[in-house]
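# Structure assessment
So the chains spell out like this:
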Amino acid sequence: MSTQAPSRPQVALTLHVNGEEHTLRVEPRETLLDVLRERLDLTGAKPACDRGECGACAVLLDGQPINACHWLAVQAAGHAIVTIEGLAGQPDFRPLLEALVAADAGQCGYCTPGFAVAAYALLRAEPGAGEETLRWGLVGHTCRCNAYAGIMAAIRQAGAGPRRS
């Protein structure tokens, strides 16, 4: 009798993440979140609810925020994926990042990358968006520390653009 676990089928896959191409073999059932974190060591997107309800695992797929826990890695092939690590080096992300830090918007920091990714996409799509638009645009993002006031203040500040004296 064999004590070795049966091998699981794998498929070859090429993912375009943060401007780089990654070719790997994955199990068809692996989520995009798991591949990003465990195979590519991009740990900014966080596993939290595994139901797509909290937004902690948000990444951009072709410029739109998605919950990476709800996408299979094989579904993401052929799409441009940008994680918080990829945004960190982009100059147009810097004002949002600085505003989040200044507002102390990440008490524990667990939800912050997801909020930042979603807010970045929202502010790019709707620069100068008002309070209601921002709140609706971030529906599905949860902060267990209840730092919403700081998060929203930071996003409003970043959306307002540079201050004029």
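Everything discussed here concerns the structure shown above.
Let me sum up the structure you'll find in this document. (Residues numbered from 1 in each chain as written. Predicted model: local features only at pLDDT ≥ 70, side-chain atom pairs only at ≥ 80, totals over all residues. Heavy atoms only, no water.)

### Points about the overall build of the chain
Along the backbone of the chain there are seven helices and five strands. Mapped from its N terminus to its C terminus, the chain presents α and β elements in the order β-β-α-β-β-α-β-α-α-α-α-α. Counting only C-alpha atoms, the chain reaches 75 × 30 × 20 Å along its principal axes. Here the chain holds 165 residues, and 42% of them are scored as buried. Look at the contacts in the chain between residues 6 or more apart in sequence, and 51% of them connect residues 24 or more apart. Entry remark: accessible area of the chain is about 9400 Å², with carbon and sulfur atoms responsible for 50%. (Helix = DSSP H or I, 4+ residues; strand = E, 2+ residues; numbered from the N terminus. Buried < 20%, exposed > 50% of the residue type's maximum accessible area, 1.4 Å probe, protein only. Contact = heavy atoms within 4.5 Å. Areas by Shrake-Rupley, 256 points an atom, 1.4 Å probe, with all protein chains shown as cover.)

### Notes on helix α7 (residues 148–160)
Between its terminal C-alpha atoms α7 stretches 18 Å, which fits the 18 Å expected from 13 residues at 1.5 Å a residue. Every buried residue of α7 is listed here: G150, I151, M152, A154, I155, A158 and G159. Looking at the buried residues of α7, the elements they touch are α4 (94–102), α5 (112–125) and α6 (131–137). (Expected span 1.5 Å × (residues − 1).)

### Brief notes about the nonpolar core
By size, the foremost hydrophobic cluster in this structure holds 30 residues, and its most contacted members are L96, L138, I151 and I155. Elements with a minimum of two residues in this core: β3 (58–61), α3 (84–88), α4, α5 and α7. Among the elements that line this core, the one with the most residues is α5, at nine residues. In this view, I151 contacts A105, C111, F115 and C143; residues no more than four positions away in its chain are not counted. Of all hydrophobic cores here, the second largest spans 21 residues; its members include V17, V35, A45 and V59. (Core = buried A, V, L, I, M, F, W, Y, C linked by side-chain atoms within 4.5 Å.)

### Here we look at the packing of aromatic side chains
Think of a pair of aromatic rings as described by two things: how far the centres are apart, and how the planes are tilted against each other in angle. By the definition in use, this model includes two aromatic pairs. A centroid spacing of 5.8 Å and a plane angle of 70 degrees characterise the contact between F93 and Y120, whose relative ring orientation is edge-to-face. With F93 in the loop between α3 and α4 and Y120 in helix α5, the pair connects residues that are 27 residues apart, well separated along the chain. The class of F93 is buried, set by a relative accessible area of 2%. A relative accessible area of 4% places Y120 in the buried class. The interplanar angle of 75 degrees and the centroid separation of 6.2 Å between the aromatic rings of F115 and Y148 together place this pair among those described as edge-to-face. (Phe/Tyr/Trp six-rings, centres within 6.5 Å; stacked < 30°, edge-to-face > 60°.)

### Points about the environment of G150
Summarising the element assignment, G150 is placed in helix α7. For G150, a relative accessible area of 18% gives the class buried. Here the alpha-carbon distance between G150 and A103, two residues 47 residues apart in the chain, equals 5.4 Å. Setting aside residues up to four positions removed in sequence, G150 forms contacts with A103 and A105.

### So, the sheet that holds β3
In spatial order, the strands read β2-β1-β5-β3-β4; together these five strands make up an open sheet with mixed pairing. A single partner strand is all that each edge strand has here, and the edge strands are β2 (20–26) and β4 (64–67). The mean inter-strand angle of the sheet, taken between neighbouring strand axes irrespective of direction, is 40 degrees. Running over the sheet, α5 touches β3 and β4 and is turned about 35 degrees from β3. (Pairing = 2+ DSSP bridges. Axes fitted to C-alpha atoms, helices over the stretch in contact; angles between N-to-C directions.)

None of this, on its own, says anything about what the molecule does.
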